[in-house]
Amino acid sequence: MTPDTTTPFGIYVHIPFCRARCDYCAFATYTDRDHLMESYAAACVTELERAVESEGIPQATSVFFGGGTPSRLAADLLVSILDAIPRAPGAEVTVECNPEDAEAARFATYRAAGVTRISLGVQSTVPHVLVGLGRRHGHDAAVAAAGTVAAAGFVTWGMDLIMGGAGETDADWEQSLRDVMGFASAPPHISAYALTVEPGTPLAAQPDRHPDDDVQAHRYEMTEEILSTAGYGWEEISNWSLPGHECRHNRLYWHQGEYRGIGSAAHSHRDGRRWWNVRTPDRFVKEIGQGRIATAGDEVLSPEQVQFEALALRLRTRDGVPEASLPDDPDLEGLVDRRDGRAVLTVRGRLLANAVTTRLVPEVSA
């Protein structure tokens, strides 16, 4: 891809299958629908083919298989979907993968098909924290998975971590960070998310397991210090990478780019319109199979909404927003660093990003 001549465009493919559902998860994922895998993959291919023909979607500069657990699909099924996606030369293609699915043969198939990036859902390297998060793998599986990713030839790849699991201490969190950076094959991209209590999840019904906001804030500050000292620069509030290893697809979202979602519950954004597909894989397969579109709803954004969202998204990144888009207010002191005509969140500002967002002046272009 040549960034100055190719307009970024993304394809997101939702894979809704999981071995087990983590009790903090509110995503559209299912543990009892594996029998739909082949028909689901075929329906995704059909939706893609129709989108190419009727919508004229451009070649993708980035593709992201998320879930759920994309690595739950047999590698050839995932590749059948990827093969249907028109891609620009040099397109970034990411597949989310659980450590227990990190197999050399799977990755060889991915690589041959054009997958360029793996995102491993590790969450923690501390055994009792993993148990509290409902994860199936252990520390050794994470180490082995990292080695398998590197041996397969993936130069750019990432690991996801979650802070705030039940029973986790500051020392546990620091151990997870230092463990992944100390692997023989260390990830050049690290996502560190604060555990969020989502309504309707089993976690939501157990207040004694809810993370403390002040503890989470302290651990975020720890994360920034540890990762920046090791050479990882922050891309977005929850994402850090070594130079040259940023996630192009994520950057597309943060810069309000256009993308087409494929599969159940997938969201799309084009020409000021957002729309989303039916939530369950069963209904998605049925709608596509009967020749209908799988759209469940949509909304058209006003110019004012577009402008405000562009600022709100960009504020979350190290690019920041035009300085004029945030008032020179004492309440923002210490939350924003103003330099070279841009306003960029400080570490403390990242912790209060939602509050800073309410102060944006939407008339200013991002």
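As shown above, the structure is provided for reference.
Cut-offs applied
- Residues numbered from 1 in each chain as written.
- Predicted model: local features only at pLDDT ≥ 70, side-chain atom pairs only at ≥ 80, totals over all residues.
- Heavy atoms only, no water.
- Phe/Tyr/Trp six-rings, centres within 6.5 Å; stacked < 30°, edge-to-face > 60°.
- Helix = DSSP H or I, 4+ residues; strand = E, 2+ residues; numbered from the N terminus.
- Buried < 20%, exposed > 50% of the residue type's maximum accessible area, 1.4 Å probe, protein only.
- Lys NZ or Arg CZ within 6 Å of the ring centre and 35° of its normal.
- Pairing = 2+ DSSP bridges.
- Disulfide = S-S within 2.5 Å.
- Core = buried A, V, L, I, M, F, W, Y, C linked by side-chain atoms within 4.5 Å.
- Contact = heavy atoms within 4.5 Å.
- Salt bridge = Lys/Arg side-chain N within 4 Å of Asp/Glu carboxyl O.

1. Comments concerning the packing of aromatic side chains
Applying the stated criterion across every chain, the model contains seven aromatic pairs. Centre to centre, the rings of Phe 17 and Tyr 40 are 5.4 Å apart; their planes meet at 80°, and the pair counts as edge-to-face. Placement of the pair is Phe 17 in the loop between β1 (9-15) and α1 (37-55) and Tyr 40 in helix α1, with a sequence separation of 23 residues. Classification of Phe 17 as buried rests on a relative accessible area of 0%. Residue Tyr 40 is classed as buried on the basis of its relative accessible area, which comes to 0%. Within the aromatic cluster, the residues linked to one another by ring pairs are Phe 17, Tyr 40 and Phe 284. If you follow Arg 111 out to its NZ or CZ, it ends over the ring of Phe 154, 5.4 Å from the centre.

2. Things to note about the sheet that holds strand β14 (residues 336-339)
With antiparallel pairing, three strands are arranged side by side in an open sheet as β13-β15-β14. Looking at strand neighbours, the two that pair on one side only are β13 (321-322) and β14, the edges of this open sheet. Strand direction decides the pairing type here: β14 and strand β15 (residues 342-345), joined by four bridges, are antiparallel. When the sheet's bridge partners are listed, Arg 338 is paired in β15 with Ala 343.

3. Focus on the state of the cysteines
Considering all chains together, one arrives at zero disulfides under this definition. Unpaired in terms of disulfides, Cys 25 finds its nearest cysteine sulfur in Cys 18, a separation of 6.4 Å. Cys 247 takes part in no disulfide bond, and the closest cysteine sulfur to it belongs to Cys 97, at a distance of 15 Å. Classification of Cys 247 as buried rests on a relative accessible area of 0%.

4. Some words on the nonpolar core
One finds Ile 11, Phe 65, Ile 81 and Ile 118 to be the most contacted residues of the largest nonpolar core, which totals 82 residues. In contact with Phe 65, other than residues within four places in its own chain, are Val 13, Ile 15, Pro 70, Leu 78, Ile 81, Leu 82, Ile 85, Val 93, Thr 94, Val 95 and Glu 96. Counting residues in hydrophobic clusters, the runner-up holds nine residues, among them Cys 25, Val 126, Val 129 and Ile 162.

5. Quick word on the side chain of Arg 33
Locating Arg 33 in the fold gives a position in the loop between β1 and α1. Contact partners of Arg 33, with chain neighbours within four places excluded, come to Phe 17, Thr 280, Pro 281 and Asp 282.

6. Examining unusual backbone geometry
Glycine aside, the phi torsion of most residues is negative, and most peptide linkages are trans. Gly 67 connects to Gly 68 through a cis peptide bond whose omega is 15°. For Ala 265, which is not glycine, the phi torsion reads 65° and is therefore positive. Here Ala 265 is to be found in the loop between β9 (258-262) and β10 (267-270). For Ala 265, a relative accessible area of 19% corresponds to the buried category. Positive phi outside glycine occurs at Asp 340, with the angle close to 50°. Using a relative accessible area of 78% as the deciding quantity, one classes Asp 340 as exposed.

7. Things to note about the pairing of β9
Among the five residues in β9, four count as buried, and that is most of the element. Of the pairings in the sheet, the one linking β1 to β9 comprises five bridges and is parallel in character. Pairing of Val 13 across the sheet is with Ile 262, part of β9.

8. So, the pattern of salt bridges
Inspection of every chain in the model, using the stated rule, returns 24 salt bridges. Here Arg 260 makes a salt bridge to Glu 47, at a shortest N to O gap of 3.3 Å. With a gap of 213 residues between them, Arg 260 in strand β9 and Glu 47 in helix α1 connect regions that are remote in the sequence. The two residues Arg 260 and Glu 47 agree in class, both being buried. Across the salt bridge formed by Glu 287 and Arg 283, the nearest N and O atoms sit 3.9 Å from each other. In this pair, Glu 287 and Arg 283 are both assigned in helix α9 (residues 281-289), four residues apart and thus about one turn of the helix distant. For Glu 287, a relative accessible area of 12% corresponds to the buried category. Arg 283 gets classed as partly exposed once you look at its relative accessible area, which sits at 47%. Overlapping salt bridges, with partners in common, bring together Asp 32, Arg 33 and Asp 282 in one network.

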